[in-house]
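Structural features, examined
Chain residues, written in single-letter form:
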Amino acid sequence: MTRMPQPPAPRDPDARTFARARARAGIVPPYLLLRIAAAEEHYDVAADAARRSLLRDEPMRELRVEGAHPGLLPHEHTRSTTLEGERPGGAVAEGEGAPGAADHGVAAPAPAPDRRISDAEGAESLPGRLVRTEGRPPTGDEAVDDAYDGLGEVWALFERVYGRDAIDGEGAPLEATVHFGDRYDNAFWDGERMVFGDGDGEVFRGFTQSLSVIGHELAHGVTELTARLRYRDQSGALNEHVSDVFGALTEQYAMGQDADAATWLIGEGVFTELVQGRALRSMLEPGTAYDDDVLGRDPQPAHLRDYIETDADNGGVHLNSGIPNRAFALAAVELGGFAWEHVGRIWYDTLTGGTLRPNDGFTAFAAATLAAARDRYGEGSREAAAVANGWNAVGVEAE
Amino acid sequence: MEVEVVRSGGIAGLRLTWTVEVEDQPDPEEWVLLVERLPWSETPPGPPEPDRYTYRIRCEPHEATLAERQVTGPWRDLVDRVRDVAEPERGRPDAAGRAAPEAENEAENGAEAKTGSAPENAPAPATTDPERSPDA
Ligand SMILES: [Zn+2]
């Protein structure tokens, strides 16, 4: 399908080691991970993530509590925590800015994801054969189980942090199809489900092992039901950007990474070892994710002056998303701490706040994020300043 | 006669171009038949689906842009055939040329976009690399 004319590119051990080291550098207090892991019976998805994170980076984790944002701690102010700490009449206090968690009554049953994974078995027909539903044990098919686990992580981010139960906010099933097509080099959102190919084995080794890719696809569903950003030109690049934001945040939330520890990469692990590259995109440093003999160099612009006008790719939606991506990542790094708690919240407010129009471009979107930051954190807040600085750094006027 | 298939989009945003010189094929008359059978003028633009591919298929004087979902029947036959006999060329947003009718979208979206001037502190300078600048 995508056989390469050139011989395989030489491997770049340095780049890979770097990427791995970054991925392993989860900086979250171990006590917190232990606490989450211990609470398994109440919220097994987050607990699984915490336990895996504990296993994954035990040797490399450092204690850096002072780096944490003074607001929420990860997985803390959630409905499940509330249940766990439930005393008659005494709900656990909500941190400032956790409206989602506060929206739920203490007595209501805990929301849980409703995942449905189907197998296209190499064909290009959807949905395929249903192979794993919620609560069923692993199938042993890596793509099926990775998709199932990944959807759980994305669901946890949206429900636990933003109070949004699934794509529609009402607990609708999360549906995915894996093994789509023959060596199919892609993952997409078809309006109803996430669809993942296996990759050709030469450039791509499949898409379900990347949490940021799974988060990216699910977020397309959220955008479709909220801001409805038109998938073309600047509004399309913003649609892509929003998916990258929640894809990256899914990974950070699952691994307990703060903005400094995060890789800010989208699709880490989707390339084979033959490719000289870390990921599909870098939100923090657009244009640096790969530089490969076969693929060429990551073409993403990092500043508005380098905006790419093209007809292809619906007007370069996967290229120009680099510009808002960098604005977001810079704001998150400036604030430090857990990005899903501040910038992520501001972006979620923007997406769901009802002020965006489908054709909005970068300027309108930037202004909407700044307004959302001021609404939530105050006119002169450091959050609003960081958002303004982020847009400023990429050449977009936020007001 | 040349048949060109450009596939863009996808979550990776990578562009691939396949080009077939029909005269160089062992069965040129079959290619001609296939191309003439294509419903070139009956391809209303489909709504774009996030991260799906877009195909631009060209064989002078014909050109059609299709969403992946629309690449069925004879279109699919052609695309499969092209991919069977040609190796894809990657990247180079400028190499495959740029079709015209897109200007209206700029106005719609505010057109803050600029291209050209050299970046000062972008991590990877765009304008020094032809792959990164379609207008270079
Ligand atoms: Zn996308």
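Nothing here was measured: the structure is a model prediction, and the numbers come from that model.

Section: the pairing of strand 4 (residues 62-67) of chain B
Residues and elements named next belong to chain B. Direction of pairing for strand 3 (residues 53-59) relative to strand 4: antiparallel, over a ladder of six bridges. By the bridge assignment for strand 4, arginine 56 is matched with threonine 65. In this antiparallel pair of consecutive strands, strand 3 and strand 4, the connection spans two residues.

Here we look at the nonpolar core
It is characteristic of soluble globular proteins that their nonpolar side chains tend to be buried jointly. Formed by 89 residues in total, the largest nonpolar core has its most connected members in Phe246, Trp264, Trp347 and Trp391 of chain A. Tallying contributions element by element places helix 6 (residues 142-162) of chain A first for this core, with 12 residues. Sequence-distant contacts of tryptophan 264 of chain A, defined by excluding residues within four places in its chain, comprise Ala248, Gln252, Ala259, Arg281, Ser282, Met283, Leu284, Phe328, Ala329, Ala332, Val333 and Ala339 of chain A. One finds Ala120 and Tyr184 of chain A together with Tyr53 and Leu66 of chain B within the second-largest nonpolar core, a separate group that totals 28 residues.

As for the coordination of the zinc ion
Protein-derived coordination of the zinc ion comes from His216 of chain A (NE2), His220 of chain A (NE2), Glu240 of chain A (OE), Asp51 of chain B (OD) and Asp51 of chain B (OD), at a distance range of 2.0 to 2.3 Å. Placement of histidine 220 of chain A in helix 7 (residues 211-225) and of glutamate 240 of chain A in helix 8 (residues 233-255) is noted, with a sequence separation of 20 residues between them. Exposure remark for histidine 220 of chain A: the relative accessible area of 1% places this residue in the buried category.

Thoughts on the confidence of the model for chain A
Per-residue pLDDT for chain A has a mean of 81; in total, 73% of the residues score no lower than 70. Confidence over residues 1-105 of chain A falls short of pLDDT 50; this stretch has 193 contacts with residues more than four positions distant or in other chains.

What to know about the packing of helix 8 of chain A against helix 11 (residues 343-352) of chain A
Residue and element names in this part refer to chain A. For the pair helix 8 and helix 11, interaxial distance at closest approach is 11 Å and the crossing angle is 140°. With respect to helix 11, the axis of helix 8 lies oblique. Every pair of crossing elements has a handedness; the one defined by helix 8 and helix 11 is left-handed. Residues His241, Val242, Val245, Phe246 and Leu249 of helix 8 lie in contact with helix 11, whose contacting residues are Gly344, Trp347, Tyr348 and Leu351.

Brief notes about the packing of aromatic side chains
In this structure the tally under the stated criterion is 23 aromatic pairs over all chains. On the basis of an interplanar angle of 85° and a centroid distance of 5.9 Å, the ring pair of tyrosine 162 of chain A and phenylalanine 246 of chain A is categorised as edge-to-face. Residue tyrosine 162 of chain A is located in helix 6, and its partner phenylalanine 246 of chain A is located in helix 8; the two are separated by 84 residues in the primary sequence. Linked through ring pairs, Phe180, Tyr184 and Phe188 of chain A together with Tyr53 and Tyr55 of chain B together constitute an aromatic cluster. Of note, arginine 132 of chain A hangs over the ring of tyrosine 148 of chain A, and the distance from its end group to the ring centre comes to 3.5 Å. Taking the ring centre of tyrosine 53 of chain B as reference, the NZ or CZ of arginine 7 of chain B above it sits at 3.8 Å.

A look at the pattern of salt bridges
Under the counting rule described, the total for this entry stands at 24 salt bridges over all chains. Between glutamate 134 of chain A and arginine 115 of chain A there is a salt bridge, and its shortest N-O distance comes to 2.8 Å. One end of the pair, glutamate 134 of chain A, is in the loop between strand 2 (129-133) and helix 6; the other, arginine 115 of chain A, is in strand 1 (residues 115-119), and 19 residues separate them in sequence. Owing to a relative accessible area of 29%, glutamate 134 of chain A belongs among the partly exposed residues under this scheme. Under the relative-accessibility criterion, arginine 115 of chain A is labelled buried at 4%. Among the ionic pairs, arginine 56 of chain B bridges to glutamate 63 of chain B, the shortest N-O distance being 4.0 Å.

Each value, and the rule that gives it
Every chain is numbered independently, its residues counted from 1 as its sequence is written. Starting at A for chains and at 1 for ligands, labels are handed out in the order in which the entities are written. Where local features are concerned, this predicted model is filtered to residues with pLDDT of at least 70; where side-chain atom pairs are given and counted, the filter is 80 or more; whole-chain, interface and lining totals use all residues. Side-chain descriptors were evaluated using all non-hydrogen atoms of the structure, hydrogens and water having been removed beforehand. Two strands are said to pair when DSSP picks up at least two bridges between them. In DSSP terms, a helix is any run of H or I states spanning at least four residues, a strand is any run of E spanning at least two, and both are numbered starting from the N terminus. Put simply, buried Ala, Val, Leu, Ile, Met, Phe, Trp, Tyr and Cys residues joined by side-chain atoms within 4.5 Å make one nonpolar core. Relative accessibility under 20% of the residue-type maximum defines a buried residue, over 50% an exposed one, and the middle range a partly exposed one, all with a 1.4 Å probe and only protein chains included. Pairs of residues are marked as contacts when any of their non-hydrogen atoms sit within 4.5 Å. Coordinating donors are taken as N, O and S atoms within 2.8 Å of the metal, stretched to 3.2 Å for Na, K and Ca; because water is absent from the atoms, sites can appear incomplete. Scored between 0 and 100, pLDDT is the confidence that the predictor attaches to each residue. Comment: axis = line fitted to C-alpha atoms, over the contacting stretch for helices; angle = value between 0 and 180 degrees taken between N-to-C directions. Roughly parallel means an angle under 35 degrees; roughly antiparallel, over 145; roughly perpendicular, 65 to 115; everything else is oblique. Each crossing gets its handedness from the near helix: less than a right angle anticlockwise from the far helix is left-handed, clockwise is right-handed. When the centres of two rings from Phe, Tyr and Trp lie within 6.5 Å, Trp using its six-membered ring, the rings pair. Their planes under 30 degrees apart give stacked, over 60 give edge-to-face, and anything left gives tilted. The criterion for a charge sitting over a ring is simple: Lys NZ or Arg CZ within 6 Å of the ring centre, and within 35 degrees of the ring normal. Salt bridge criterion: a side-chain nitrogen from Lys or Arg within 4 Å of a carboxyl oxygen from Asp or Glu.

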